[in-house]
Amino acid sequence: MGSDNTPSNVRLADELRDSPRPPADGEGRTLRRGLLLLDRLQRAGDVGLRVVELCRASGLQRATVHRLLATLLDTGHVQRSGRFHYVAAVRREPQAAAASDLARRIAPVLARISKACGDAAFAVVREGHSSWCVARHVGTYPVQILSVQIGARQPLGVGAAGLALLAALSDDEAQAAIHGHGVMLARYGGMTPERLELLVRNTRERGWSVVGNHAVQGVLGVGRAVCDADGQPLAGISVAASTARMTSHRQRWIAGLMKEALGDWE
């Protein structure tokens, strides 16, 4: 699933970074604990479990359970049920099929933008409180910022495409996402809910997003929301480059390229 034109002879820093490796002892322990919570929630079914029940079922401390739940919520593996219960999220095939179809249809738009500006272009969709990269197109500029690979998920709003998508949501949906990220936000360049709320307001006023040094240090992205005929947000697209390359004039120019390319998109 997804679309990518990455040349086989290009060494991608992000893929080297994310390549499988044996987990350190601490990482392995955290993974096992997270899987244990997910297993207990799957067994509970639609009823779900409260934090205190998860503590009893897993033998973990409350602070540990809260920390692991924040990660599982952010990655879309767990969702809330009411105010106090948590349930295992159901992975729906129609959602994956819809994302795959959108990736196919948006690919020519990314190619057009990337060809014009020379930098890499990306497309993300929303999954819970996360953005999910479904397509990207590598440009021709000698230094490509391939900060996100297809299939990667990160908190909605820390990248330019996700920020544009977040800002296009209703106020209630946006606030729920912003304050549902939990401790995950701080891992992205010290992002805070207050900072993200400010970025959302700026994006809505401007009509396109700008965010830098959060998803990846030294990188700045420009993004726009992709909406359907009724104005409902479907996805977000972005272009990423080094902060030095992304002058304010270039940001506005790329935002214009995106608007023009999306004008012909169906």
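All values reported here derive from a predicted model rather than from experimental measurement. (Residues numbered from 1 in each chain as written. Predicted model: local features only at pLDDT ≥ 70, side-chain atom pairs only at ≥ 80, totals over all residues. Heavy atoms only, no water.)

Observations regarding the nonpolar core
So, point 1. Grouped together as the largest cluster of nonpolar side chains are 31 residues, with contacts concentrated most on I106, V109, I113, V134, V222, I237 and V239.
So, point 2. Elements that contribute at least two residues to this core include exactly α5 (93–117), β4 (120–127), β5 (130–137), β8 (219–227), β9 (233–242) and α9 (248–263).
So, point 3. Here this core takes 8 residues from α5, the largest share from any one element.
So, point 4. The residues touching I106, leaving out its near neighbours within four places in the chain, are A123, A135, V226, I237, L262 and W265. (Core = buried A, V, L, I, M, F, W, Y, C linked by side-chain atoms within 4.5 Å. Buried < 20%, exposed > 50% of the residue type's maximum accessible area, 1.4 Å probe, protein only. Helix = DSSP H or I, 4+ residues; strand = E, 2+ residues; numbered from the N terminus. Contact = heavy atoms within 4.5 Å.)

Some thoughts on the pattern of salt bridges
So, point 1. By the definition in use, this model includes 11 salt bridges.
So, point 2. Where salt bridges share partners, they join D39, R40 and R43 into one cluster. (Salt bridge = Lys/Arg side-chain N within 4 Å of Asp/Glu carboxyl O.)

A word on the packing of aromatic side chains
So, point 1. Considering all chains together, one arrives at 0 aromatic pairs under this definition.
So, point 2. Its guanidinium or amino end placed over the ring of W132, R153 lies 4.4 Å from that ring's centre, counting from NZ or CZ. (Phe/Tyr/Trp six-rings, centres within 6.5 Å; stacked < 30°, edge-to-face > 60°. Lys NZ or Arg CZ within 6 Å of the ring centre and 35° of its normal.)

Brief notes about the confidence of the model for the chain
So, point 1. Taken over all residues, the pLDDT of the chain has a mean of 85, while the share at 70 or more is 86%.
So, point 2. Here helix α1 (residues 13–18) stands out as the least confident element of the chain, with mean pLDDT 43; helix α6 (residues 160–168) is the most confident, with 97.
So, point 3. Predicted confidence for residues 8–20 stays below pLDDT 50, and this span has 13 contacts to residues more than four positions away or in other chains. (pLDDT = per-residue confidence, 0-100.)

Topic: the pairing of β5
So, point 1. Summarising burial for β5: 7 of the 8 residues are buried, a large majority.
So, point 2. Two elements, β4 and β5, share 7 bridges in a ladder whose sense is antiparallel. Note that in β5 the partner of A121 across the bridge is H137.
So, point 3. Here β4 hands over to β5 after 2 residues, with G128 in that stretch at a positive phi of 65°.
So, point 4. The pairing of β5 with strand β6 (residues 153–155) spans 3 bridges and is classified as antiparallel. For S131, the partnering residue across the bridge sits in β6 and is Q154. (Pairing = 2+ DSSP bridges.)

A closer look at the sheet that holds β5
So, point 1. If you trace the 6 strands from one edge of the open sheet to the other, you get β6-β5-β4-β9-β8-β7, paired in antiparallel fashion. Each edge of the open sheet is held by one strand with a lone partner, namely β6 and β7 (209–212). Averaged over all neighbouring strand pairs, the angle between strand axes comes to 35°, with direction disregarded.
So, point 2. Bridging between β4 and β9 involves 5 bridges; their strand directions are antiparallel. Bridge pairing in β9 links V124 to G236.
So, point 3. Contacts from α6 reach β4, β5, β7, β8 and β9, with the element oriented near 145° to β9. (Axes fitted to C-alpha atoms, helices over the stretch in contact; angles between N-to-C directions.)

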